[in-house]
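# An overview of the molecular structure
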Amino acid sequence: MAVVAAPKPSEESNAKTTNQPNTITLRIARSNPSEGQESAFSEFQIPVQKWTTVLEAILYVKQNLDHSVAVRYSCRQASCGSCGMKINGRPALACYTKISELNSNIITVEPMNNFPIIRDLAVDFKQLIANHKKMKPFIIREDSEVTSESKEFIQTPQDLEKFLQFSYCIKCGLCNSACPTMATDTSFIGPQGLAQAYRYVADNRDKGKDDRLKIIDDSHGIWRCHFAGSCSHVCPKGVDPAMAIQLLRGYLLGFKK
Amino acid sequence: MAERLSNREGIKGMANPTRYGIERVAYWLQRLTGLGLLAYLIGHIYETSTIVNGKIAWDKMLEFTQTPQGHIFLTLVIGMCVFHTANGIRVMLGHGGIGVGKPGQPEYPYKAASLNYKQRLCIWVSIALAALAMMYGASVLFGD
């Protein structure tokens, strides 16, 4: 069992003397493309504690300073994937990013790149969801484990480990936002969709490998990934889409069967 | 207009090597050196094609490559060629799923297995090999 030790008096006094700001400047990108409103920044002074997250700071603005700020959020614990945004230039989940770890008194939040803006920090996920659906994100096989005649599909822990990490995707879109190919190619499936294709291809219960490989074997499909690894850098759940894409490409190149 | 509405980063974002670690720098260098080598290839075809205009034209072109600027350009070509080859081998192997790690249970703080030390080492080795080759090339070209 992990034991969390109480800080010693000397450590406590050190913590008090660290340069922790009490007030930070939060710059929020504001825009409303449907009404032709160009992007501009609104600045707010926010009181923060060392545990304050970026999402909490935005919600402080909504509650106390400007309720018109548009932001999408739900679980506040990195499970729903709703609050993805660009924080100080890098895609991250607002609920999962503490202001104290950004080491800056000025925090800039912008909508994620490579997604159309709905308003302010809220972006449109239509393309991501469409590409996710295109990958047939379900087990494909003739028989079923739910009928009374059939048995459950047994998997060993080793079988499970082949795809488990990729099933942790919360569809937050941070990987697509960081991807250099997504920055220029409007038709690219994106790391999220490709990683999900691998999640099902690697599942030994699934029989839809050929279908999925046919979908991704396209000029705007898997061949557009150049292994820049940015998707894996920003993934908040350790999904590692870059690995999934390279392993998936191994099937098409004949390295894997 | 369409780009503004879709909020895509565009070429500016694609060509920005900062923010995402050494792997993104390698991606940027690979693209840059690829374009540089393409420019060299076109220049090289133009250079060698001057021979069809006779010996005088050919000698004139050769003289041009024997200038300090020509030597600097060739030194850069050597560096680009070595980096593009060495890093290209890393990327090609990675594309086949070789050296990108094995799937497993991710544990906090979630370090991506595909961005492992072997990949980073290969990138640094590619940069070091390119630097060494450039130094050797420069010493030969400027030696006399």
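Cut-off values and rules
Residues numbered from 1 in each chain as written. Chains lettered and ligands numbered in written order. Predicted model: local features only at pLDDT ≥ 70, side-chain atom pairs only at ≥ 80, totals over all residues. Heavy atoms only, no water. Pairing = 2+ DSSP bridges. Helix = DSSP H or I, 4+ residues; strand = E, 2+ residues; numbered from the N terminus. Axes fitted to C-alpha atoms, helices over the stretch in contact; angles between N-to-C directions. Contact = heavy atoms within 4.5 Å. Buried area = accessible area lost by both parts, 1.4 Å probe. Salt bridge = Lys/Arg side-chain N within 4 Å of Asp/Glu carboxyl O. Polar contact = N/O pair within 3.5 Å; in protein donor to acceptor, adjacent residues only side chain to side chain. Buried < 20%, exposed > 50% of the residue type's maximum accessible area, 1.4 Å probe, protein only. Domains from an automatic or database assignment.

## Re the sheet that holds strand β1 (residues 23-32) of chain A
Residue and element names in this part refer to chain A. Taken in spatial order, the five strands of this open sheet run β2-β1-β5-β3-β4, and their pairing is mixed. Looking along the sheet, the strands with just one partner apiece sit at the ends: β2 (37-47) and β4 (90-93). This sheet shows a mean twist of 30° between the axes of neighbouring strands, independent of strand direction. Across four bridges, strand β3 (residues 84-87) lies against β4 in antiparallel orientation.

## Focus on the interface of chain B and chain A
Every contact between the two is made by 37 residues of chain B and, on the other side, 50 residues of chain A. The junction of chain B with chain A conceals about 3,600 Å² of combined surface from both sides, 57% of it contributed by carbon and sulfur atoms. Looking at the side of chain B facing chain A, the largest losses of area belong to R8(B), Y20(B) and H95(B), adding up to 21% of the total buried there. Scanning the region where chain B abuts chain A turns up zero salt bridges. Our count for the chain B to chain A interface comes out at 19 residue pairs in polar contact (both at pLDDT 80 or more).

## A word on the pattern of salt bridges
Residue and element names in this part refer to chain A. Using the criterion set out here, one finds 12 salt bridges over all chains in the structure. Salt-bridge contacts for K136 lead to D211; the nearest nitrogen and oxygen are separated by 3.6 Å. With K136 in the loop between α3 (126-134) and α4 (157-161) and D211 in helix α7 (residues 209-216), the pair connects residues that are 75 residues apart, well separated along the chain. D211 gets classed as partly exposed once you look at its relative accessible area, which sits at 34%. Put simply, D206 and R212 hold a salt bridge, and the shortest N to O gap is 2.6 Å. Judged by relative accessible area, which is 1%, R212 ranks as buried. Within the structure, one salt-bridge network assembled from shared partners comprises R30, D66, R119 and D120.

## Re the domain arrangement of chain A
All names here are of chain A. In terms of domain boundaries, chain A breaks down into domain 1 (21-123) and domain 2 (126-139 + 155-253). For domain 1 and domain 2, the distance between their C-alpha centroids amounts to 28 Å. Between domain 1 and domain 2, the residue contacts involve 15 residues of the former and 16 residues of the latter. Here domain 1 and domain 2 share an interface that buries about 1,100 Å² over both sides, 57% of which is from carbon and sulfur atoms. Ranking the residues of domain 1 by area buried against domain 2 places P91, N114 and F115 at the top, with a combined share of 43%. Counting across the domain 1 and domain 2 interface gives five residue pairs in polar contact (both at pLDDT 80 or more). Mapped onto the side of domain 1 that touches domain 2, the elements with two or more residues apiece are β3 and β4.

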